[in-house]
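Chain by chain, the residues run as shown.
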Amino acid sequence: MDIIDTIKEQISSNPVLLYMKGSPNAPQCGFSSRAAQVLMACGEKFAYVDILQNPEIRANLPKYANWPTFPQLWVGGELVGGSDILAEMFEKGELQPLIKDAVSKANA
């Protein structure tokens, strides 16, 4: 399977997906750590892909997403952004309903 197809499949099959360095319990960079903490605070389950374990995804996702950095949060098939955007949306109360909505649609 082509790596872009793999990425598309991951994004379409997970309502909330975080591409990050490391895992939510053992993040490998401060930005990934913050993004995972913000997501965990939303209280819904989310999937993640450790790009350090997946160098092909690390190399190709920025081109596919047209977003150069990690982490990247995808919700309902759409790129939301990186850790700064997530933290800002969380503080404004915008992230929580977005995530709840995507999870409830996926479970419907």
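Residues numbered from 1 in each chain as written. Predicted model: local features only at pLDDT ≥ 70, side-chain atom pairs only at ≥ 80, totals over all residues. Heavy atoms only, no water.

- Looking at an unreviewed UniProt entry, the protein chain carries the name Glutaredoxin, with the source organism given as Pseudomonas nicosulfuronedens.
- Listed in UniProt under the heading Subunit (unreviewed entry), the comment for the protein chain reads: "Homodimer."
- The annotation that UniProt attaches to the protein chain under Sequence similarities (unreviewed entry) is "Belongs to the glutaredoxin family. Monothiol subfamily." (UniProt positions renumbered as here; feature names shortened; annotations may be inferred.)

### Quick look at the UniProt feature "binding site: glutathione" (unreviewed entry) in the protein chain
- This chain's UniProt record puts "binding site: glutathione" (unreviewed entry) on K21, R58, F70, S83 and D84.
- With respect to the helices and strands, the residue K21 is situated in the loop between β1 (16–20) and β2 (22–23).
- In contact with K21, other than residues within four places in its own chain, are P27, Q28, C29, S32, D50, I51, L52, R58 and F70.
- Following the sequence through the fold, R58 ends up in helix α3 (residues 55–65).
- Not counting residues up to four positions away in its chain, the partners in contact with R58 are K21, I51, L52 and F70. (Helix = DSSP H or I, 4+ residues; strand = E, 2+ residues; numbered from the N terminus. Contact = heavy atoms within 4.5 Å.)

### Quick look at the pattern of salt bridges
- The final tally for this structure, using the stated rule, is four salt bridges.
- Between R34 and D84 there is a salt bridge, with the nearest N and O atoms lying 2.3 Å from each other. With R34 in helix α2 (residues 30–42) and D84 in helix α4 (residues 83–92), this pair connects stretches of sequence that are 50 residues apart.
- Classification of R34 as partly exposed rests on a relative accessible area of 33%.
- In this structure, the salt-bridge partner of K105 is D101, at a minimum N-O distance of 3.2 Å. Of the two residues, K105 and D101 are both situated in helix α5 (residues 95–107); the distance of four residues between them amounts to about one turn of the helix. (Salt bridge = Lys/Arg side-chain N within 4 Å of Asp/Glu carboxyl O. Buried < 20%, exposed > 50% of the residue type's maximum accessible area, 1.4 Å probe, protein only.)

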